[in-house]
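Chain by chain, the residues run as shown.
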Amino acid sequence: MTAFDFFEAAELPVPEVSAERAEQIAADQFGLSAQAVELGSQQDANFLLTDPSGGPVGVLKIANPAFSRAELEAQDAAAAFIADSEPIRTATNVVSAGPAGIADVGDRDHDGGRLFARVIRYLPGGALSGDAYLGPAQVAALGDLAGRTCRALAGFDHPGVDRVLQWDLRHGMRTVGVLAPHVSDDVRRTCVESAVTAAWDALAGLAEDLPIQVIHGDITGDNVVLGDDGLPDGLIDFGDLMRSWAVAELAVTVATLLRHEGSEPATTLPAIRAFHAVRPLAPAEAEALWPLVVLRAAVLVVSGIHQSAVDAENNYASAALDSEWRIFQQASAVPLAVMTAQIRHALGMAVPGGHISGDAALIRGVDPGEILRLDLSTESGAMDGGAWLDPDAEDRLAREALARGAAGHVAAVVTSFGQARLTRSATLNPESPATVATGVHLWPATALDLTAPWPGRVETTCQSVTLTGAGGTVRVRGAVQPAETDPAVVAGGQLGVIDGPVWIQVLRHGTSTPQFVRPEYAAGWLDQVSDPLVLLGLPHTPDLVADSESLRERRSRAFATVQEHYYDDPPRIERGWREHLIGTDGRTYLDMVNNVAVLGHGHPELAAAVARQWRRLNTNSRFNYASVVALSERLAATLPDPLDTVFLVNSGSEADDLALRLAMATTGRHDVVAVAEAYHGWTYATDAISTSLADNPNALSTRPPWVHTVPSPNAYRGEHRGPEASKYAPEAVSIIERLAAQGHPPAAFICEPFYGNAGGMALPDGYLRAVYAAVRGAGGLAIADEVQVGYGRTGRWFWAFEQQGVVPDIVCVAKAMGNGQPLGAVITTKAIADAYRNCGYFFSSAGGSPVSCVVGLTVLDVIERDHLQQNALTVGDHLKARINALAEEFPIIGTVHGSGLYMGVELVTDCTSLEPAVAETAAICERLRELGVIVQPTGDRQNVLKMKPPMCITRESADYFVDMLERVLRTGW
Ligand code: PMP
């Protein structure tokens, strides 16, 4: 029999084979006594064979009779060939029955075709089936797998590969031509046909340069198998093996990615880069890729509709229709030229083009020196104080600039080409907003003449004047057209008058380009346009989005790498506003982790107070000035008696370190008791008492002998859980008593009064009362580390120790106290403070400086005035209630710890064993970042989402967080 030709035999209904018959075939032909369960397929009959214990024996594949034995042999040979040459698991034959393990089962289908059966190795690991979200690592791994397959198959050949499949994109146009009439929806059919025509046109000039080889032809989520790391490393279903364009291997994979939740053309770039890294794309292949993706998407749509028409009972084919349409919509969502330029850019193949200059100026008689630039980027000072949120900000700032410049000969104010404008951004946005300008705005000081930079034809509408000529197309929106217009103009000829704000765009190739585009597509769109400022005589100054990648590289060279950064591929954040962080591309992120910035980011009042004080005085606390006294009095007033004496330092580490020294000086002892799983700082002493494994994996083994720990009083997953957690206190008490009995009575017991580092959980009731009594009973002091949890964050209490109904001997605070300015304090009793005299004297050069004190006072003022502790309570309670409601539906949420705006959402893979969902927590954080939320894992197991946002967070923002978390839990991470 000759190889299959789709155009000869278009209909391929799945052979009718029952599960019973499949079991019989397995027994008769392969000697396997197994149970058969049908698996879905477009055109073959596939069954999973299992042994009596349910263990997989293999996959029985009964090929569509339209395919010849040689074709099946080729598929088996290719699978074996790939497994030999690349680290890819493939589904090779397990049981031999005649040549190449292929059995003619003797059955005939209704047309008399032979049914050939094989048993293929079952690869464990599961596939990426369905439409759930795929993260960039999975996307890249699919591209890598496609690249390796393509690289391996370049050396493979077999007579069974010369077949004519509808999946061979070399026949894409013809396939769509044959099958499109089955698409009954006229709108969809027209869309598909016109997209295919454009794609085919784009391919026309490239086809000759595209290498041809054998390809798998169907590397999709359904046909890969996952390794232990959750990334695909196995390949199944060689049914579409064929000779075709090599780059089609990648196009198929890229198209399949577009079916997944949250995917879009830009999210496929990691796959394209990964493919290119193992099997470099030639320039023609890079050019052909996106047209092929569109073609593949179109073939999927028309084939799916056709298949479900000819084989109405094929649920597999019908269920795929919606996904196939999504693939097509996404593939054609961005113009071919734009996506191709984007791909070239992603692969480092972009050739930077010069910017078009004219034979004459676009505006007559304006000296470029009289044009003022308006910076609307994230880093522009004009954006301070949330100015970018004002819808009229651009116009207002431009008019202010004009007004300021009137005396100094300013002819016009212009924006920058390619700039990501923060004014075009928004908060709480799951998708990056279109911020990047593909042209410029211009505000004239007085009416200006718009003239043709090159000869061409003018087209005017009520909104715009467009000149098209050899230089390209200039479009000016908002210009007043002359009464009389001859469509043909010469260079320098009058086009109109600019007497108000205008938008100017220069199109290179005529591709209609939106005014603002999303940063992910900026490289592709900017390739279609040219900088209009060059037509005004200004130099093109690249104002592309400040690059986060190269900054990260510089950081890794200049900054100690032990100082880690959030995220593998962090956005470049150069501004903050309230509870939002803002990237240089204008993307905003809801900040759920910055507990330090209690008042919020970019606080104008704080900034003004600091600036004022800097101008006036900044010195050290040995001088006599008011703010150091005022701050000390204010702090002491927040605390119960007898805590009335204040030391001012610069950080939490310093505060805790000083507290230890005070305790040692007071008691004359050296031993300290701390709780396990805690963090207290980085100095020598505070590091010694920090036993959090997340911060230092060697913490327990490197602990010096003067540090003693009591078990982590973790009521959720510690040794004692729930009501049993009351056992932690007596346990700690007996450890302290034993130390005293052994001649090591502790100088101090230190702990966070609300267990921040373990995920923000309350200590068991009565815990501190009992332990403080024991340590005091042994002559030691009680230190409360309020560095994270103090200052009203828990909502119900200003100081977290109040929750336990105790009063410590020493309280340490930092973080919130300075809203991010280095500022910390130790507050204790006069007697304890005085004991420090034994150690000499205490001085910190910057601790308690006038600037720091003004910061400290302003922070306290704003917390009080804006009722931020109350906000922490109301928004925190709302947030907690909503997450608890999510927990009812999603068992991955083990529990929600915390109070007010100090919360921890603990994620588990099993609610009974409480197995920490470590990889899931990391992946959920990554996906949330894509959706515009910054949240990070915490705790020794890194399975707790730490939620401690600025205390000014609104209920709307809290709701946004929960909505996004819900989206991720529902659609995957
Ligand atoms: N104590 C606790 C409880 C902390 O969380 C931290 C910081 N994470 C510190 C002390 C140290 O504070 P700093 O980073 O300001 O030195």
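Whatever comes next refers back to the structure up there.
Notes on the structure follow. What you are looking at is a predicted structure, and each value in this text was computed from that prediction instead of being measured.

Attention shifts here to the sheet that holds strand S8 (residues 224–226). If you walk across this open sheet you meet the three strands as S4-S9-S8, and the pairing is mixed. Since the sheet does not close on itself, it has two edges, and those belong to strand S4 (89–90) and S8, each with one partner. Packing of helix H3 (residues 136–153) onto the sheet brings it into contact with S8 and strand S9 (232–235), and relative to S9 it is tilted by some 40°.

Let us now look at the environment of Gln-35. Its place among the elements puts Gln-35 in strand S1 (residues 35–39). Here Gln-35 falls in the partly exposed class, since its relative accessible area comes to 49%. Between the C-alpha atom of Gln-35 and that of Pro-52, which follows or precedes it by 17 residues, the distance is 7.4 Å. Once residues lying within four places of it in the same chain are set aside, the contact partners of Gln-35 are Glu-23, Leu-48, Leu-49 and Thr-50.

In a regular helix each residue adds 1.5 Å, so twelve residues correspond to 16 Å; helix H1 (residues 19–30) covers 16 Å between its end C-alpha atoms and thus fits that length. Buried residues of H1: Ala-22, Ile-25, Ala-26 and Phe-30, and no others. Around the axis of H1, the buried residues are gathered within 100° of arc, so they sit on the same side. H1 presents Glu-20 and Asp-28 as exposed residues on the side facing more than 90 degrees away from its buried surface. The first or second residue beyond H1 is Gly-31, which carries a positive phi of 65°.

This part is about the site of the ligand. In the vicinity of the ligand, the residues found are Ser-651, Gly-652, Ser-653, Asp-656, Tyr-679, His-680, Gly-681, Glu-752, Asp-785, Val-787, Gln-788 and Lys-815. Asp-785 places a side-chain nitrogen or oxygen 2.7 Å from a nitrogen atom of the ligand. At 2.8 Å, a side-chain N or O of Lys-815 approaches a nitrogen atom of the ligand. A class-by-class count of the residues in the shell around the ligand yields two nonpolar, six polar and four charged.

Right, let's get into the packing of aromatic side chains. According to the stated counting rule, one finds 15 aromatic pairs in the structure shown. Their ring planes at 40° and their centres at 6.5 Å tell us that Phe-754 and Trp-797 sit as a pair that is tilted. Here Phe-754 is found in strand S31 (residues 754–755), whereas its partner Trp-797 is found in the loop between strand S33 (781–785) and strand S34 (810–813), with 43 residues between them in sequence. Both residues of the pair, Phe-754 and Trp-797, belong to the buried class.

In this structure, Asn-650 sits in the loop between strand S27 (645–649) and helix H17 (652–667). Here the side chain of Asn-650 touches Glu-654 through a polar contact of 3.2 Å, side chain to side chain. Setting aside chain neighbours within four positions, we find Asn-650 in contact with Pro-822, Leu-823, Gly-824, Ser-844, Ala-846 and Gly-847.

Looking now at unusual backbone geometry. Residue Pro-642 is bonded to the preceding Asp-641 through a cis peptide linkage, with omega at 0°. By the secondary structure assignment, Pro-642 is in the loop between helix H16 (626–637) and S27. At Arg-578, a residue that is not glycine, the phi angle is positive and equals roughly 50°. Note that Arg-578 resides in the loop between strand S24 (573–577) and strand S25 (580–583). Using a relative accessible area of 32% as the deciding quantity, one classes Arg-578 as partly exposed. Notably, Asn-819 is not glycine yet its phi reads approximately 50°, a positive angle. Mapped onto the elements of the fold, Asn-819 is located in the loop between S34 and strand S35 (824–828). For Asn-819, a relative accessible area of 13% gives the class buried.

Closest axis-to-axis distance for the helix H8 (residues 283–310)/helix H10 (residues 321–331) pair is 9 Å, and the angle between their directions is 155°. By the criterion of interaxial angle, the relationship of H8 to H10 is roughly antiparallel. When the axes of H8 and H10 are compared, the crossing they make is left-handed. When H8 is examined against H10, the residues Trp-290, Val-293, Val-294, Ala-297, Ala-298, Leu-300, Val-301, Gly-304, Ile-305 and Ser-308 are found in contact with a partner set consisting of Leu-321, Glu-324, Trp-325, Ile-327, Phe-328 and Ala-331. In the contact of H8 with H10, the residues fall into 13 nonpolar, two polar and one charged.

Moving on: the nonpolar core. Residues Ile-272 and Trp-290 are the most contacted members of the largest nonpolar core, which totals 131 residues. Looking at this core element by element, the count peaks at 15 residues for H8. Among all residues touching Ile-272, those that are not within four sequence positions of it are Leu-250, Val-254, Leu-281, Leu-289, Trp-290, Ile-343 and Leu-347. Of all hydrophobic cores here, the second largest spans 97 residues; its members include Leu-590, Leu-879, Met-903 and Phe-961.

What follows concerns the sheet that holds strand S38 (residues 933–934). Taken in spatial order, the four strands of this open sheet run S24-S25-S26-S38, and their pairing is mixed. With partners counted over all chains shown, the strands left at the sheet margins are S24 and S38, one partner each. Pairing of strand S26 (residues 588–591) with S38, which is carried by two bridges, proceeds in the parallel orientation. Counterpart to Asp-591 in the pairing with S38 is Ile-934.

What follows is about the packing of helix H6 (residues 246–257) against H8. Packed helix pairs are specified by the crossing angle of their axes together with the interaxial distance, meaning the distance between the axes. Between H6 and H8, the shortest axis-to-axis distance is 8 Å and the interhelical angle comes to 50°. When the axes of H6 and H8 are compared, the pair comes out oblique. For the pair H6 and H8, the crossing hand works out as right-handed. Along the contact surface, H6 presents Ala-246, Val-247, Ala-248, Leu-250, Ala-251, Val-252, Val-254 and Ala-255, while H8 presents Glu-285, Leu-289, Trp-290, Leu-292, Val-293 and Arg-296. Residue classes in the contact of H6 with H8 are distributed as twelve nonpolar, no polar and two charged.

Turning our attention to the pattern of salt bridges. Across all of its chains, the model carries 46 salt bridges by this definition. In this structure, Asp-449 and Arg-364 form a salt bridge, with 3.3 Å as the shortest nitrogen-oxygen distance. With Asp-449 in strand S15 (residues 448–451) and Arg-364 in the loop between helix H11 (336–346) and strand S11 (371–373), the pair connects residues that are 85 residues apart, well separated along the chain. Judged by its relative accessible area of 40%, Arg-364 is partly exposed. One continuous salt-bridge network, built from bridges that share partners, spans Glu-86, Asp-144, Arg-148 and Arg-151.

The end-to-end C-alpha distance of H17, which contains 16 residues, comes to 22 Å, matching closely the 22 Å that a straight helix rising 1.5 Å per residue would cover. In terms of residue burial, H17 counts as a mostly covered element, since 13 of its 16 residues are buried. Looking one or two residues past H17, Gly-668 carries a phi angle of roughly 70°, positive in sign.

Reading guide: rules and limits
Residues numbered from 1 in each chain as written. Predicted model: local features only at pLDDT ≥ 70, side-chain atom pairs only at ≥ 80, totals over all residues. Heavy atoms only, no water. Pairing = 2+ DSSP bridges. Helix = DSSP H or I, 4+ residues; strand = E, 2+ residues; numbered from the N terminus. Contact = heavy atoms within 4.5 Å. Axes fitted to C-alpha atoms, helices over the stretch in contact; angles between N-to-C directions. Buried < 20%, exposed > 50% of the residue type's maximum accessible area, 1.4 Å probe, protein only. Expected span 1.5 Å × (residues − 1). Arc of directions from axis to C-beta. Near = heavy atom within 4 Å. Polar contact = N/O pair within 3.5 Å; in protein donor to acceptor, adjacent residues only side chain to side chain. Nonpolar A, V, L, I, M, F, W, Y, C, P; charged D, E, K, R; others polar. Phe/Tyr/Trp six-rings, centres within 6.5 Å; stacked < 30°, edge-to-face > 60°. Parallel < 35°, antiparallel > 145°, perpendicular 65-115°, else oblique. Left-handed = near helix turned anticlockwise from the far one by under 90°. Core = buried A, V, L, I, M, F, W, Y, C linked by side-chain atoms within 4.5 Å. Salt bridge = Lys/Arg side-chain N within 4 Å of Asp/Glu carboxyl O.

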